[in-house]
Amino acid sequence: MDGRQWLDSYQHRLTDLKARADRAQAALAGVDGTAASPDGAVSVTVAPGGAVRRIVFSERSEALSRVQLAALVVETAARAQAEADRRVTEAVAPLLGGDSEAMQVIRSYQGSGS
């Protein structure tokens, strides 16, 4: 392979990598996770990184103590985070390869609180 062929091959790989990155970014846009408590008192939506985007309290939440409500919010947020992690994996695995090193890195952060 001469220098020109090598450069063409390298540029093709860069173009492919950029296209994959763009598709991954588009796939992740708007990905979040939402969960509701079993009794319907609380609904929580979180971003893939765990940031809380929305908490909704139904009338059922009024019957709970502050301690119960706080525990329910934390439990529901954890379930919403698991849903966000699942959706991230679904979105990017086809682009990165389900067993790729990049997916291993993503999975290592999911559920770790990091």
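As a reminder, the structure under discussion sits directly above these lines.
Not measured: the values here are computed from a predicted model.

1. Side note on the pairing of strand β2 (residues 42–46)
Most of β2 is tucked away: 4 of the 5 residues are buried. Where strand β1 (residues 33–36) and β2 come together, 4 bridges link them in antiparallel fashion. Each bridged residue has a counterpart across the sheet, and for Gly33 the counterpart in β2 is Val46. What sits between β1 and β2 in their antiparallel hairpin is a turn of 5 residues, with Gly40 showing a positive phi close to 80 degrees. The pairing of β2 with strand β3 (residues 52–57) spans 5 bridges and is antiparallel.

2. What about the environment of Ala84?
Tracing the chain through its elements places Ala84 in helix α2 (residues 66–96). Ala84 sits in the buried class, given a relative accessible area of 0%. With 51 residues separating them along the chain, Ala84 and Gly33 place their C-alpha atoms 3.9 Å apart. Setting aside chain neighbours within four positions, we find Ala84 in contact with Val31, Asp32, Gly33, Val46, Ala47 and Pro48.

Calculation criteria
- Residues numbered from 1 in each chain as written.
- Predicted model: local features only at pLDDT ≥ 70, side-chain atom pairs only at ≥ 80, totals over all residues.
- Heavy atoms only, no water.
- Buried < 20%, exposed > 50% of the residue type's maximum accessible area, 1.4 Å probe, protein only.
- Helix = DSSP H or I, 4+ residues; strand = E, 2+ residues; numbered from the N terminus.
- Pairing = 2+ DSSP bridges.
- Contact = heavy atoms within 4.5 Å.

Distances and angles like these do not, on their own, reveal function.
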